Amino acid sequence: MMTESQALETLTREDPEAAGDARAALAWLTGDEGLETVSLLRLQEFLWYALPVKWPMSTSGRVGVAKALGRLFLLAGLDRYAGVCSSPGTEKIITAYADGHEEGITAYTEAIEKSNAAPPDTELLAWGSVMGSHERAAYDACAAALELAFASGELSVGARGWRTKRVGIVNRWLTGRPEISAAPPDGGAPGNDTWLSRISAERIDAWAHGRPGERSRLARGLIPRLLEPPAVPDDPLPTLGWLLSHADEGLRLTTRHYIAPALVTEAVDTFGWRDQLVGTLRQELDVFPLHTLRGMAQIEMGAIRRSRASLVLTKTGKLMTADPAARWHIGTAALIGPDDGLQPDFSVAVREAALLVILTSGPTGYDELTRLLTDIHGVEGWAAGAGTGLPGSGGQSSGRQSAGRPGNGLASAVRTELYTLRHRLWALHLLGDERSIGAPLSLTETGVAAALSALLARALRPRHHLGLG
């Protein structure tokens, strides 16, 4: 087996042009830190993404670079890495980019998943596609641990329980002390210094400092409260608990797939909605808090699904039924909603900003709240455009620069989203006692705790796009 310098010298004698390609590729891959820093995941990311996307050359030239690097690895005795470089699969992925960027990314993503080199998401952490330095370091460390486990035979694809063991290895690394000299962020105590704590601190910092103007100021002011959130209530989110308990037995639906009238009546009487609404209140659509609750649980939380003429629990719903803390954390996160697309989501941005303002300033009238949020979103670059919504799920807008219906301004789009937030708070029994349209938007004591929980979930979420935290 040759050293790196010996392998390069030999390759130079064999093919000077290939040696130049291999030297450049190795410098990109390792940052001049040497062959010992190469990992299977880093190599795959270079060959299947960086090389075809960031190297300005022809497809055949990129394939040539991959093969030159493979020859270097072979000379250095790294046969497994050499095989990845020269494999037909690598050439196929590089060639896929010639058909379009999306085609190449799809091929790259599928190959990474099949290789099992990338650390999987676990119950402790979902990895972001946009990572800070600590998250990337942890990702690489977990990938190296998995590579070693596969190489040693500790893990074997297809063996009984191998996926569970793989998750266990990742969790052990996440909760272990990082083997690097850098101090923990924000002066964290050494005893609490784990990869997971570093990633959490890094994500919260990015959330609080990564946005322009007023939003960032409001977020920074709430960090102390987010780091010491209130305890989970004894009976968290009772309306959601009621819905899930009925779905556990199979919640009956009408022929048009709405909640049966007898159950609508039960919900109305149980949660005091009869005093807050008008009409007979026997149909699901007559009881907007119930309709909103169902939409959130079914579409955003993924806790229930329709099975023929009933609503039944999903795996997530069963967890939320058995574990009140899970019901609280998943349910409160839905106040703001997911934001996992390629671009920031306007609905999510407004709901987040509204909770920031209310937690900072207390109950705030709709006119004042609309003005404040319009200013915040105007500074951030949002503009009125064509938006869409999902009935009962909170109106998911299509993305940045899409913040309303044609002909309406940004203020109108903001106000629409504020009403959506109001309905969500009402559905989860978190809205203040005064519910008239002209009353300030306020929170119960539990509502304050839920808003903090929702913002913490937002801060800790995996990042999948740059901008707006």
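See above for the structure.
None of these values were measured; they are calculated from a predicted model. Here the residue index of a chain counts from 1 through its sequence in written order. Given that the model is predicted, a residue must reach a pLDDT of at least 70 before its local features are reported, and side-chain atom pairs must reach 80 or more before they are shown or counted; all residues, however, enter totals for whole chains, interfaces and linings. Side-chain descriptors were evaluated using all non-hydrogen atoms of the structure, hydrogens and water having been removed beforehand.

Paired strands, as defined in this entry, are two strands with at least two bridges between them according to DSSP. Helix numbering and strand numbering both begin at the N terminus, where a helix is a DSSP run of H or I of at least 4 residues and a strand a DSSP run of E of at least 2. Across the sheet, 3 strands lie side by side as S1-S3-S2; this open sheet has antiparallel pairing. Of all the strands in the sheet, the pair left with one neighbour each is strand S1 (251-252) and strand S2 (304-307). Where S2 and strand S3 (residues 310-313) come together, 4 bridges link them in antiparallel fashion. When the sheet's bridge partners are listed, arginine 306 is paired in S3 with leucine 311. Contacting S2 and S3, helix H14 (residues 288-300) crosses the sheet at an angle of about 95° to S2. By definition in these notes, contact holds between two residues if any of their heavy atoms fall within 4.5 Å. To obtain an axis, a line is fitted to C-alpha atoms, over the contacting stretch when the element is a helix, and the angle between two such axes runs from 0 to 180 degrees between their N-to-C directions.

Stacked, edge-to-face and tilted are the three classes for Phe, Tyr and Trp ring pairs, Trp counted by its six-membered ring, which pair at centre distances within 6.5 Å; planes under 30 degrees apart are stacked, over 60 edge-to-face, the rest tilted. For the coordinates displayed, the defined rule picks out 10 aromatic pairs. With a centroid separation of 5.2 Å and 35° between ring planes, the pair formed by tyrosine 366 and tyrosine 419 is classed as tilted. Of the two residues, tyrosine 366 sits in helix H18 (residues 366-379) while tyrosine 419 sits in helix H19 (residues 410-427), which places them 53 residues apart along the sequence. Per-residue accessibility, obtained with a 1.4 Å probe over protein chains only, is compared with the maximum for each type, and a residue is labelled buried under 20%, exposed over 50%, and partly exposed between these values. A relative accessible area of 4% means that tyrosine 366 is categorised as buried. The class for tyrosine 419 is partly exposed, based on a relative accessible area of 23%. Among the aromatic side chains, those forming a connected cluster through ring pairs are Trp28, Phe46 and Trp55.

Here helix H2 (residues 16-30) contains 15 residues, and its C-alpha end-to-end distance of 21 Å stays within 8% of the 21 Å for a straight helix at 1.5 Å per residue. Among all positions of H2, only Ala18, Ala19, Ala22, Ala25, Leu26, Leu29 and Thr30 are buried. The buried residues of H2 occupy an angular sector of 130° when the element is viewed end-on, so they sit on one face. The exposed residues of H2 that point more than 90 degrees off its buried face are Pro16 and Glu17. Where H2 is buried, its residues contact helix H1 (4-14), helix H3 (40-54) and helix H4 (59-75). For H2, the capping residue at the N-terminal end is aspartate 15, with a side-chain oxygen 3.2 Å from the backbone nitrogen of glutamate 17. Expected helix span is computed as 1.5 Å times (number of residues minus one). For this quantity, the arc is that covered by the directions from the helix axis to the C-beta atoms. Nitrogen and oxygen atoms within 3.5 Å of one another constitute a polar contact, given that in protein one can donate a hydrogen and the other can accept it, and given that sequence-neighbouring residues count only through two side-chain atoms.

Put simply, helix H17 (residues 346-361) and H18 touch, their axes get as near as 10 Å, and they point 125° apart. With respect to H18, the axis of H17 lies oblique. In the crossing of H17 with H18, the sense of the turn from one axis to the other is right-handed. For the pair H17 and H18, contact is made by Phe346, Ala349, Val350, Ala353, Ala354, Val357 and Ile358 and by Leu369, Leu372, Leu373 and His377, respectively. Only Asp, Glu, Lys and Arg are considered charged, only Ala, Val, Leu, Ile, Met, Phe, Trp, Tyr, Cys and Pro nonpolar, and every remaining residue, Gly among them, polar. Of the residues that constitute the contact of H17 with H18, the class distribution is 10 nonpolar, 1 polar and no charged. Here roughly perpendicular refers to angles of 65 to 115 degrees, roughly parallel to angles under 35, roughly antiparallel to angles over 145, and oblique to all remaining angles. For any pair of crossing helices, the crossing counts as left-handed if the nearer helix is rotated counterclockwise from the farther one by less than a right angle, and right-handed if it is rotated clockwise.

Further remarks concern the packing of H14 against H19. With their axes 8 Å apart at the nearest point, H14 and H19 run at an angle of 95° to one another. Between H14 and H19, the angle falls in the class roughly perpendicular. Contacts between H14 and H19 involve Phe288, Pro289, Thr292, Leu293, Met296 and Glu300 from the first element and His423, Arg424, Trp426 and Ala427 from the second. Residue composition of the contact of H14 with H19, grouped by class: 6 nonpolar, 2 polar and 2 charged.

Take the buried Ala, Val, Leu, Ile, Met, Phe, Trp, Tyr and Cys residues and link them wherever side-chain atoms come within 4.5 Å; each set so joined is a nonpolar core. Leu240, Trp273, Leu290, Leu373 and Leu455 are the most contacted members of the largest nonpolar core, which has 77 residues in total. Looking at this core, the element that brings in the most residues is H17, giving 11 residues. Setting aside residues up to four positions removed in sequence, leucine 373 forms contacts with Val350, Ala353, Ala354, Val357, Val414 and Leu418. Counting residues in each nonpolar core, the second largest holds 59 residues, with Tyr81, Leu125, Tyr139 and Leu146 among its members.

Moving on to the pairing of S3. With 2 bridges joining them, S1 and S3 adopt antiparallel strand pairing. Bridged to arginine 252 within S3 is serine 310.

Taking 1.5 Å per residue, 13 residues should reach 18 Å; helix H9 (residues 162-174) reaches 19 Å between its end C-alpha atoms and fits that length. Structurally, H9 contributes buried residues whose contacts are with helix H8 (133-152) and helix H10 (195-209).

To continue, consider unusual backbone geometry. Positioned with a positive phi, histidine 257 is a non-glycine residue whose angle comes to about 70°. Along the chain, the position of histidine 257 falls in the loop between S1 and helix H13 (261-270). Residue arginine 308 is not a glycine yet carries a positive backbone phi of 60°. Looking at the element boundaries, arginine 308 is found in the loop between S2 and S3.

Take the side chain of threonine 122 next. With respect to the helices and strands, threonine 122 occurs in the loop between helix H7 (101-115) and H8. With near-sequence residues (within four places) excluded, threonine 122 lies in contact with Val167, Val170, Asn171 and Leu174.

A few words now on the pattern of salt bridges. Here, a salt bridge means any Lys or Arg side-chain nitrogen found within 4 Å of an Asp or Glu carboxyl oxygen. This model, assessed by the stated rule, comprises 21 salt bridges. Residue arginine 80 is joined to glutamate 147 by a salt bridge in which the shortest nitrogen-to-oxygen separation is 3.1 Å. Taken together, the residues arginine 80 in helix H5 (residues 79-86) and glutamate 147 in helix H8 connect sequence positions 67 residues apart. A relative accessible area of 45% means that arginine 80 is categorised as partly exposed. By relative accessible area, glutamate 147 is classed as buried at 13%.

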